[in-house]
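Descriptive structure summary
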Amino acid sequence: MTVTQAAVARTARTSPGTDHQASLIVQGSDATGIVAAVTAVLGQHGANIVALDQYSDNPHGGAFFQRTVFSLDGLQAALPALRAELDEKLVKQYGLTYTLRDMSVPKRVAIFASKSDHCLLDLLWRHRQGQLPVSIAMVISNHPDVAEEVRNFGIPFFHVPSMGADKSAAEAEHLRLLKDNVDFVVLARYMQILSGGFIEKAGVPIINIHHSFLPAFIGAGPYAKAKERGVKLVGATAHYVTEDLDEGPIIEQDVVRVTHADTAADLTRRGADVERAVLSRAVLWHAEDRVIRNGNHTIVFA
């Protein structure tokens, strides 16, 4: 067992009551009978539906999305037969796509960070408290500053410097560490731009967090610039990463009101609070299969 594999086993979290639960995500063109087909398949296998959310953007052949959570004793043994019948009913009959996942097996995540630690430490604390049903496989940073704090949580820490315009060596090391070890990546204020090649080769969803001023106040010192302009709202945006910088599908956003009396330091502090909350919700919803990507936007069954 590698160091990373040992960490995954050590830091796994299972949500209460998920030992025999699975999530079923269905999407495609809307049509009459889809919900009935899903419930019929699950019912025939003795499954009990404990949550069901659905959305159609147009009942006349529009896009259809559904998240179902069900409980079934002997789930692992039943999964192959369930998949075979779902293939027959949903894929062949309705032309839909679906994913079926045993929720007792937490998704594995790698967290990327830089010097700013507020989002990183918040995720580690929530994980330790059992609030995030994930396995944190590792933390990777381009600075060594947070190494000791991360290791105090029992999480492997990897320092991968990323200097200059050529990031190829750092990205190659990132890919080596991530390979077969993670199901998604979280950028917890990781202050480096990922190349399109890295995003493609990583092959897993990547979630980013940033202040919600964009596209205004680009670059260093955004809160000082915002103070100069007299902004009245401070917020944060969590989104999936694409090759288009900060333009990927949005998962979650939030804002707080500020006034003329707030200093740049006040704005920075309040912005950090919002960033922590927004990122933790985005990670939780992704971990629980509550987010369905559709082009460049999302359906979130929160």
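Preceding this section is the structure that the text describes.
Residues numbered from 1 in each chain as written. Predicted model: local features only at pLDDT ≥ 70, side-chain atom pairs only at ≥ 80, totals over all residues. Heavy atoms only, no water.

Okay, the overall build of the protein next. Counting its secondary structure elements, the protein contains 9 helices and 13 strands. Its C-alpha atoms give the protein a radius of gyration of 21 Å, near enough to 19 Å, the size a compact globule of 302 residues would have. Each principal axis of the C-alpha atoms in the protein carries an extent, and together these give about 60 × 50 × 35 Å. Of all 302 residues assigned to the protein, the portion counted as buried reaches 47%. Once the 29 positive and 33 negative side-chain charges of the protein are each reduced to a mean point, those two points are 4 Å apart. (Helix = DSSP H or I, 4+ residues; strand = E, 2+ residues; numbered from the N terminus. Rg over C-alpha atoms; globule rule 2.2 N^0.38 Å. Buried < 20%, exposed > 50% of the residue type's maximum accessible area, 1.4 Å probe, protein only. Lys, Arg positive; Asp, Glu negative; His and termini not counted. Charge placed at Lys NZ, Arg CZ, Asp CG, Glu CD.)

With their axes 9 Å apart at the nearest point, helix H4 (residues 118–128) and helix H9 (residues 264–287) run at an angle of 45 degrees to one another. Between H4 and H9, the interaxial angle falls into the category oblique. In the crossing of H4 with H9, the sense of the turn from one axis to the other is right-handed. Of the residues in H9, those touching H4 at His118, Cys119, Asp122, Leu123 and Arg126 are Ala272, Glu275, Arg276, Leu279, Ser280 and Val283. Among the residues making up the contact of H4 with H9, the classes are represented as 5 nonpolar, 2 polar and 4 charged. (Axes fitted to C-alpha atoms, helices over the stretch in contact; angles between N-to-C directions. Parallel < 35°, antiparallel > 145°, perpendicular 65-115°, else oblique. Left-handed = near helix turned anticlockwise from the far one by under 90°. Contact = heavy atoms within 4.5 Å. Nonpolar A, V, L, I, M, F, W, Y, C, P; charged D, E, K, R; others polar.)

Moving on, we come to the packing of helix H8 (residues 222–229) against H9. In a packed pair of helices, the relevant descriptors are the angle between the two axes and the axis-to-axis distance. Their axes nearest at 9 Å, the elements H8 and H9 cross at an angle of 120 degrees. As far as their axial angle goes, H9 and H8 are oblique. Regarding H8 and H9, the two cross each other, and that crossing is right-handed. Taken together, the residues of H9 that come into contact with H8 (itself represented by Tyr223, Ala224, Ala226 and Lys227) are Ala264, Leu267, Thr268, Gly271, Ala272 and Glu275. Considering only residue class, the contact of H8 with H9 consists of 6 nonpolar, 2 polar and 2 charged.

We note that arginine 189 has phi near 60 degrees; this positive angle belongs to a residue other than glycine. Its place among the elements puts arginine 189 in the loop between strand S8 (184–187) and helix H7 (196–202). Owing to a relative accessible area of 15%, arginine 189 belongs among the buried residues under this scheme. One non-glycine residue with positive phi stands out, namely aspartate 246, at about 60 degrees. With respect to the secondary-structure elements, aspartate 246 resides in the loop between strand S10 (233–240) and strand S11 (250–257). Here aspartate 246 falls in the partly exposed class, since its relative accessible area comes to 29%.

Residues Glu200, Glu243, Asp244 and Glu247 make up a contiguous surface patch of negative charge. With respect to the helices and strands, aspartate 244 occurs in the loop between S10 and S11. (Patch = residues over 30% accessible without salt bridge, like charges linked within 9 Å, V, L, I, M, F, W, Y side chains within 5 Å. Areas by Shrake-Rupley, 256 points an atom, 1.4 Å probe, with all protein chains shown as cover. Salt bridge = Lys/Arg side-chain N within 4 Å of Asp/Glu carboxyl O.)

Let us look at the packing of aromatic side chains. Counted according to the given criterion, the structure contains 3 aromatic pairs. Plain terms: the ring middles of tyrosine 55 and phenylalanine 65 are 6.3 Å apart, the flat faces sit at 15 degrees to each other, and that makes the pair stacked. Of the two residues, tyrosine 55 sits in strand S2 (residues 48–56) while phenylalanine 65 sits in strand S3 (residues 63–71), which places them 10 residues apart along the sequence. A relative accessible area of 40% means that tyrosine 55 is categorised as partly exposed. Given the relative accessible area of 2%, phenylalanine 65 is considered buried. Seen in terms of ring centroids, phenylalanine 112 and tyrosine 190 are 5.3 Å apart; in terms of plane orientation they differ by 85 degrees. Their pairing is edge-to-face. Taken together, the residues phenylalanine 112 in strand S5 (residues 107–113) and tyrosine 190 in the loop between S8 and H7 connect sequence positions 78 residues apart. For tyrosine 190, a relative accessible area of 6% translates into the label buried. Through successive ring pairs, a cluster of aromatic residues spans Phe112, Tyr190 and Phe198. (Phe/Tyr/Trp six-rings, centres within 6.5 Å; stacked < 30°, edge-to-face > 60°.)

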